[in-house]
Number of protein chains: 2
Amino acid sequence: MEDIALTLPTKGSRGGAGAAGRANVRKVLCAEGVGGSRLFCGTMTSLYQIKIENQGSVLRLVLLPHPRGPNLSTTSTCEEVSASLGSSVRFHAFWLRDNALDALTRDPRNGQRLITLADLPEEVKILNAHFSISNSSFPPNAESEIHSAYLELPRDRSLCPDLPKVAVTLSPENRTFEFPLAWLLENAYGRVRPESCPSVRTPKGVTLWDSNQIETLMATTRDLETLKQGGEDLRVWLESVWRFGFVKVSGVPAESGGLFSIVDAFGGFVRETNYGRLFEVRTELNPTNLAYTGLGLQAHTDNPYRDPAPTLQILSCIENSCDGGESLVVDGFAAALRLREEDPHGFHLLSTYPMRFEFKGAKGVHLYARRPMIEVSADGELVAIRFNSRSAASVRDVPFEEIEKWYAAYKRLSAIFDDPRMTIRFKLAPGEAFIVDNTRVLHAWTRFSGVSGKRWLIRTGFSQCTRPLKAM
Amino acid sequence: MEDIALTLPTKGSRGGAGAAGRANVRKVLCAEGVGGSRLFCGTMTSLYQIKIENQGSVLRLVLLPHPRGPNLSTTSTCEEVSASLGSSVRFHAFWLRDNALDALTRDPRNGQRLITLADLPEEVKILNAHFSISNSSFPPNAESEIHSAYLELPRDRSLCPDLPKVAVTLSPENRTFEFPLAWLLENAYGRVRPESCPSVRTPKGVTLWDSNQIETLMATTRDLETLKQGGEDLRVWLESVWRFGFVKVSGVPAESGGLFSIVDAFGGFVRETNYGRLFEVRTELNPTNLAYTGLGLQAHTDNPYRDPAPTLQILSCIENSCDGGESLVVDGFAAALRLREEDPHGFHLLSTYPMRFEFKGAKGVHLYARRPMIEVSADGELVAIRFNSRSAASVRDVPFEEIEKWYAAYKRLSAIFDDPRMTIRFKLAPGEAFIVDNTRVLHAWTRFSGVSGKRWLIRTGFSQCTRPLKAM
């Protein structure tokens, strides 16, 4: 097979809105030929080639330096190190068949698979594999963007129909299946994780934060009217929910149901509970009722006694004219990783043995969950934080010999949550609201007082979210 | 401290409704004294004593054979072996202080903790510990039930206020805290698990099933009107949801919203999604529309592309007059454990590496979740099953070298789900419905046909449940 010819990109030929956030985007350089086994890609400062190797039962894509271009600079992140030049990704033929994207395998409308496992051939082989570039949509000298294997694809993939594809013909069906190159790179399995990578990691796209990032987090604020119009503001705001587990919103109607507009803008759905569709945190400064004084509440996640726990929570402010009454948020993932650094065994204990949470309310309500305080997936990704000493039931699942260390770690984690260096503190004004990902970010409020009996009203709604950003 | 005197129970002094299910209940024998360090318990055939030992920073409860009674017979289950005579349970003083049940530590109304971790004394010691039995509620010759440490307490603990308590005086506060003995046994931590116990286990109270148990499962059926009245029928029915992950209900209004009555009887709340509050599976035998023919659907869990996945699902039948169209349910936990027996490494792979699920619907709906097919907690308890090859996205998280074994295990698990020996098959009639715990039980329906264009309508509602039975 012949190589696809290379044309150098013209400098600054792309740019405009969003370019700043796409620093790592690599470009597919124009091609003259079709059906080759090599493709040349590059950025302004680096060039490389991708070579297809058909190994019979395995398809291999090799990234090689281009003879005419400088080397790709490797970066310090684990994923990018493993994506550096000379590395390769491999795909088993049966994996390609199972994950074929054609309309007979996948419903084009909803992406659901139309065949079952039993429909797959027992043995699948690769008869042929080459790059397939549609000349009509990928003309000479045109450029198309291709993200690295470790970056996110454009959210709307229909925007890039002209990406080069890999066409693979498989036996025994003798059918040719096309896979976008970017999709293959994104879906590549079996990357070897460098030794230096930590065994516990945060999910892809998550940015940890502490008190130093207050300006960044406050800058997530968007006006509700702007969000309702959709577009880039909404996209950035939604992305921030996943990235930081926290976003602010202004211009919310200062009335009970105002936060439903936020749920709508999010594309979410209220998750109704025994509290109803809304939970009202209405604190009145009435000295005759001690239960409603302005005591602060330590950072916590909401309702860990539900299983599953609530995911996205909205707190919306109706009035907040008293002294104090500030809100605090803490990045639970950052705190957990700090605990892991300070006390690895303590982290191990809190993430291995489940905590128990309990709530007994009126009318026979008895909620109970048995889940770890720090939940880590079997393959080492942080999944969720649950911390609420108020609703903590007695822990029963820790070995007797370990419980002192377990308690020490529990106290240490609590102290980390309370550390002002970890928390972001702000005062919510009427018409303002914030969303927290309750599986990651803790919230709290400080003690407050008002000599003239001023009130602070906050209402909370539970939004059951589709987590669209996990998909990207 | 002096021993509490023993009186033998009169034979057959208890019985009646519910006794059959309480075969393992042990009885506290009447006591004359108060304040002793020994208590005598027994059943008709065995007697033993519980002794309190104050070890300064640890409270120890020792189970000893009673000199006058025969030995407790040990049983074969792991938990009961560790509870056999001569064993003990221990509680650290700081644990007792943290978990104190008094009204200053716990809100009596909702059980929420009123103190924070930082409020706990740094060092806690036991000054005194003894049994505290209120003579008014625990008179001589009266009997009170005490479940073994490994059995469930009566659901409504207010029914047993006269259980003996352990009174512990703690320094530095020099306050006395009372703990019901049964609560201490139930909440004991640090039991050593015998070597013979499997490292993967089902949650407490779960009963595994296969096709042989069809009669037991069909017997879970209750009439909706009966359930609405509450009482024992409702209790047994709710318990079955947790025990089997499946219950049937009859007498459901054969109309769209009929299943909301079931949600109400359950004490649950509909979890709204992009499908609305109801999802209609309305299949019409119209040959011009292939999408609505009566193809069967393999056993699956619903919507694994949501995170969290739906928990309890209701399927309600409006009409089912065609040939075929039977429902099938499979115990996913039983299937997973069978896979573990047949292919331990395959089980390890499916439970270690996450699966990815995806759904792209209309109007920008894009749902995505990255969760294991077989989810096991860090301490070895089965948590959830997710199986839906239709919405399976390409798996990316499996090492290249393991993917063949991973696929083999995936296929094997699929075959186990399809095995008629694992499935329970029945035909839902109009007015009938069933609930599945979608985190454990898979459901399916068989191919059907109707020459005269008959219809089969099933509607599904999502019930977000409080899982009350986990608490028991």
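Quick summary incoming for the structure in this document. Predicted, not measured: the structure shown is a model, and the values here were computed from it.

Quick notes on the overall build of chain A
In step 1: Counting its secondary structure elements, chain A contains ten helices and 26 strands.
In step 2: Sorting the 472 residues of chain A into buried and exposed places 56% on the buried side.
In step 3: Long-range pairs, those at least 24 residues apart, make up 76% of the contacts in chain A with a sequence separation of at least 6.
In step 4: Of the roughly 19500 Å² of accessible surface on chain A, 50% is carried by carbon and sulfur atoms.

Comments concerning helix 9 (residues 344–352) of chain B
In step 1: Every buried residue of helix 9 of chain B is accounted for by B:Gly346, B:Phe347, B:Leu349, B:Leu350, B:Ser351 and B:Thr352.
In step 2: Where the residues of helix 9 of chain B are buried, they touch helix 8 (332–342), strand 20 (374–376), strand 21 (382–385) and helix 10 (403–418) of chain B.

A look at the relation of the copies chain B and chain A
In step 1: Of the transformation superimposing chain B on chain A, the axial component is 0.0 Å and the angular component is 180°, with the fit at an RMSD of 0.1 Å. Each copy turns onto its partner about a two-fold axis. Residues of chain B ranked by C-alpha distance from the rotation axis are headed by B:Arg271, positioned 2.9 Å from it.

Observations regarding the packing of aromatic side chains
A ring pair, where both rings are aromatic, is described by two values, the distance of the centres and the angle of the planes.
In step 1: Under the defined criterion, the tally for this structure stands at 26 aromatic pairs over all chains.
In step 2: Here B:Phe426 and B:Phe434 contribute two aromatic rings whose centre-to-centre distance is 5.4 Å and whose plane-to-plane angle is 80°, an arrangement assigned as edge-to-face.
In step 3: Using a relative accessible area of 7% as the deciding quantity, one classes B:Phe426 as buried.
In step 4: For B:Phe434, a relative accessible area of 1% gives the class buried.
In step 5: For B:Arg90, the ring lying beneath its charged end belongs to A:Phe400, and the centroid distance is 3.6 Å.
In step 6: The cationic tip of B:Arg340 hangs over the ring face of B:Phe347; the distance from NZ or CZ to the ring centre is 5.7 Å.

Some thoughts on the pairing of strand 15 (residues 312–320) of chain A
The two faces of the sheet receive side chains in turn, since in a regular strand these alternate between them.
Residue and element names in this part refer to chain A.
In step 1: Where burial is concerned, most of strand 15 is hidden: eight out of the nine residues are buried.
In step 2: Where strand 15 meets strand 23 (residues 433–437), five bridges bridge the pair, whose relative direction is antiparallel. Its bridge partner being in strand 23, serine 316 is matched across the sheet by alanine 433.

Some thoughts on the sheet that holds strand 8 (residues 165–171) of chain B
As a general point, the strands of a sheet are linked pairwise by backbone hydrogen bonds and lie either parallel or antiparallel.
Residue and element names in this part refer to chain B.
In step 1: Strand order in the open sheet formed by three strands is 6-8-9, and the pairing between neighbours is antiparallel. Every other strand in the sheet has two partners, leaving strand 6 (125–132) and strand 9 (175–180) as the edge strands with one partner each. Strand-to-strand twist across the sheet, computed as the mean angle between neighbouring axes with direction ignored, equals 25°.
In step 2: Direction of pairing for strand 8 relative to strand 9: antiparallel, over a ladder of six bridges. Paired with threonine 169 across the two strands is threonine 176, which belongs to strand 9.

A word on the interface of chain B and chain A
In step 1: Contacts between chain B and chain A engage 82 residues on the former and 82 residues on the latter.
In step 2: Taken together, the two surfaces of chain B and chain A that pack against each other cover about 7300 Å², and 51% of this comes from carbon and sulfur.
In step 3: The largest share of the area that chain B buries against chain A comes from B:Leu117, B:Arg396 and B:Phe400, three residues that together contribute 11% of it.
In step 4: On inspection of chain B and its partner chain A, the count reaches six salt bridges.
In step 5: Residue A:Asp379 is joined to B:Arg370 by a salt bridge in which the shortest nitrogen-to-oxygen separation is 3.1 Å.
In step 6: If you look at where chain B meets chain A, you find 22 residue pairs in polar contact (both at pLDDT 80 or more).
In step 7: Those elements that place two or more of their residues in the side of chain B that touches chain A are strand 5 (88–92), helix 2 (93–98), helix 3 (181–187), strand 12 (269–270), helix 9, strand 18 (355–360), strand 19 (366–371) and helix 10 of chain B.
In step 8: Considering each element in turn, the side of chain B that touches chain A owes the most residues, six residues, to helix 10 of chain B.
In step 9: Its residues placed into classes, the side of chain B that touches chain A shows 34 nonpolar, 20 polar and 28 charged.

What to know about the sheet that holds strand 8 (residues 165–171) of chain A
Residue and element names in this part refer to chain A.
In step 1: Pairing is antiparallel across the open sheet formed by three strands, whose spatial order is 6-8-9. One side of each edge strand has no neighbouring strand; the edge strands of this open sheet are strand 6 (125–132) and strand 9 (175–180). The mean inter-strand angle of the sheet, taken between neighbouring strand axes irrespective of direction, is 25°.

A few points about the side chain of A:Arg356
Residues and elements named next belong to chain A.
In step 1: Relative to the helices and strands, arginine 356 is located in strand 18 (residues 355–360).
In step 2: Exposure remark for arginine 356: the relative accessible area of 10% places this residue in the buried category.
In step 3: Looking at arginine 356, its side chain comes within polar contact range of the side chain of tyrosine 368, at 2.9 Å.
In step 4: Here the side chain of arginine 356 touches aspartate 397 through a polar contact of 2.8 Å, side chain to side chain.
In step 5: If near-sequence neighbours (up to four positions away) are discounted, arginine 356 is found in contact with Tyr368, Ala369, Arg370, Ser391, Ala392, Ala393, Ser394, Arg396 and Asp397.

A look at the packing of helix 8 (residues 332–342) of chain A against helix 9 (residues 344–352) of chain A
Residue and element names in this part refer to chain A.
In step 1: Their axes nearest at 5 Å, the elements helix 8 and helix 9 cross at an angle of 130°. Of the possible angle classes, the one that applies to helix 8 and helix 9 is oblique. In contact with Ala336, Leu339, Arg340, Glu341 and Glu342 of helix 8, helix 9 contributes Pro344, Gly346, Phe347 and Leu350.
In step 2: A class-by-class count of the residues in the contact of helix 8 with helix 9 yields five nonpolar, one polar and three charged.

Focus on the pattern of salt bridges
In step 1: Under the definition given, this model contains 56 salt bridges over all chains.
In step 2: The closest approach of N and O atoms between A:Arg386 and A:Glu375, which form a salt bridge, is 2.8 Å. Placement of A:Arg386 in the loop between strand 21 (382–385) and helix 10 (403–418) and of A:Glu375 in strand 20 (residues 374–376) is noted, with a sequence separation of eleven residues between them. With respect to class, A:Arg386 is no different from A:Glu375; both count as buried.
In step 3: Of the charged contacts in the structure, one is a salt bridge between B:Asp233 and B:Arg222, with a shortest N-O distance of 2.7 Å. One end of the pair, B:Asp233, is in helix 6 (residues 232–244); the other, B:Arg222, is in strand 10 (residues 222–223), with eleven residues separating them in the sequence.
In step 4: Note on B:Asp233: relative accessible area 32%, which makes it partly exposed.
In step 5: Counted as one network, the salt bridges with shared partners bring together A:Arg201, A:Asp379, A:Glu381, B:Arg356, B:Arg370 and B:Asp397.

With respect to empty space enclosed by the protein
In step 1: If you walk through the whole model with that rule in mind, you get twelve cavities of 30 Å³ or more.
In step 2: Here the largest cavity is characterised by a volume of approximately 400 Å³.
In step 3: Contributing to the lining of the largest cavity are 31 residues, with A:Pro308, A:Arg371, A:Arg386, B:Pro308 and B:Arg371 lying nearest its centre.
In step 4: Of all the secondary structure elements, the ones that give two or more residues to the lining of the largest cavity are strand 21 of chain A together with strand 21 of chain B.
In step 5: For the lining of the largest cavity, the class distribution of residues is eleven nonpolar, eight polar and twelve charged.

Considering the packing of helix 8 of chain A against helix 10 of chain A
Residues and elements named next belong to chain A.
In step 1: For the pair helix 8 and helix 10, interaxial distance at closest approach is 10 Å and the crossing angle is 130°. As summarised for this structure, helix 8 and helix 10 are arranged oblique, according to the angle between their axes. Helix 8 and helix 10 meet at a crossing whose hand is right-handed. Listed contacts from helix 10 to Gly332, Ala335, Ala336, Arg338, Leu339 and Glu342 of helix 8 are Ala409, Arg412, Leu413, Ile416 and Phe417.
In step 2: When the residues that make up the contact of helix 8 with helix 10 are grouped by side-chain class, the tally is seven nonpolar, one polar and three charged.

Considerations on the nonpolar core
In step 1: If you look at the biggest cluster of nonpolar residues, it comprises 73 residues, and the most contacted ones within it are A:Trp406, A:Tyr410, B:Leu59, B:Phe91, B:Trp95, B:Leu96 and B:Leu184.
In step 2: Per-element accounting of this core gives the leading share, eight residues, to helix 10 of chain A.
In step 3: In this view, B:Leu184 contacts B:Leu59, B:Leu61, B:Phe91, B:Trp95, B:Leu96, B:Val166 and B:Phe179; residues no more than four positions away in its chain are not counted.
In step 4: Core analysis: the second largest hydrophobic core is formed by 71 residues, A:Trp95, A:Ala100, B:Val200 and B:Ala444 among them.

Conventions we followed
Position numbers for residues count from 1 along each chain, tracking the sequence in the order it is written. To label them, take the chains in the order written and letter them from A, then take the ligands in the order written and number them from 1. Reporting in this predicted model follows two pLDDT cut-offs: at least 70 for local features of residues, and 80 or more for side-chain atom pairs to be given and counted; totals over whole chains, interfaces and linings ignore these cut-offs and use all residues. Derived side-chain values reflect all non-hydrogen atoms in the structure, with water molecules and hydrogen atoms excluded from consideration. What counts as a helix is a DSSP run of H or I of at least four residues, what counts as a strand is a run of E of at least two, and both are numbered from the N terminus. Using a 1.4 Å probe on the protein chains alone, a residue whose accessible area is under 20% of its type maximum counts as buried, one over 50% counts as exposed, and one in between counts as partly exposed. Any pair of residues with heavy atoms lying within 4.5 Å of one another is described as a contacting pair. Accessibility throughout is a Shrake-Rupley quantity obtained with a 1.4 Å probe, and a residue counts as covered only by protein chains that appear here. For the least-squares superposition of copies, only C-alpha atoms count, and only for residues with pLDDT at least 70 in both. Aromatic pairing here means that ring centres of Phe, Tyr or Trp (its six-membered ring) are within 6.5 Å. Orientation follows from the plane angle: under 30 degrees is stacked, over 60 is edge-to-face, and everything else is tilted. Only Lys NZ and Arg CZ are tested; either one counts as a charge over a ring when it is within 6 Å of the ring centre and within 35 degrees of the ring normal. Each pair of strands is called paired provided DSSP finds at least two bridges between the two strands. Comment: axis = line fitted to C-alpha atoms, over the contacting stretch for helices; angle = value between 0 and 180 degrees taken between N-to-C directions. A quick way to say it: buried area is the sum, across both parts, of accessible area lost when two parts are put together, with a 1.4 Å probe. Here a salt bridge means any side-chain nitrogen of Lys or Arg lying within 4 Å of a carboxyl oxygen belonging to Asp or Glu. Polar contact is the term for a pair of N or O atoms within 3.5 Å; when the atoms are in protein, one must be able to donate a hydrogen and the other to accept it, and sequence-neighboring residues count only if both atoms are side-chain atoms. As a working rule, the residues Ala, Val, Leu, Ile, Met, Phe, Trp, Tyr, Cys and Pro are called nonpolar, Asp, Glu, Lys and Arg charged, and the rest polar, with Gly in that last group. An angle below 35 degrees is treated as roughly parallel, one above 145 as roughly antiparallel, one from 65 to 115 as roughly perpendicular, and anything else as oblique. Buriedness for pockets is judged along seven lines, at least five of which must meet protein on both sides within 12 Å for an open set on the 1 Å grid over protein atoms alone, while cavities are sets there where a 1.4 Å probe fits but cannot get out, and lining residues have an atom within 4 Å of a point. Grid points are joined across faces, edges and corners, and a volume is the space filled by probe spheres set on the points. Crossing handedness is defined as follows: a turn of the near helix away from the far one that is anticlockwise and smaller than a right angle gives a left-handed crossing, while the clockwise case is right-handed. We call a set of buried Ala, Val, Leu, Ile, Met, Phe, Trp, Tyr and Cys residues a nonpolar core when their side-chain atoms join them within 4.5 Å.

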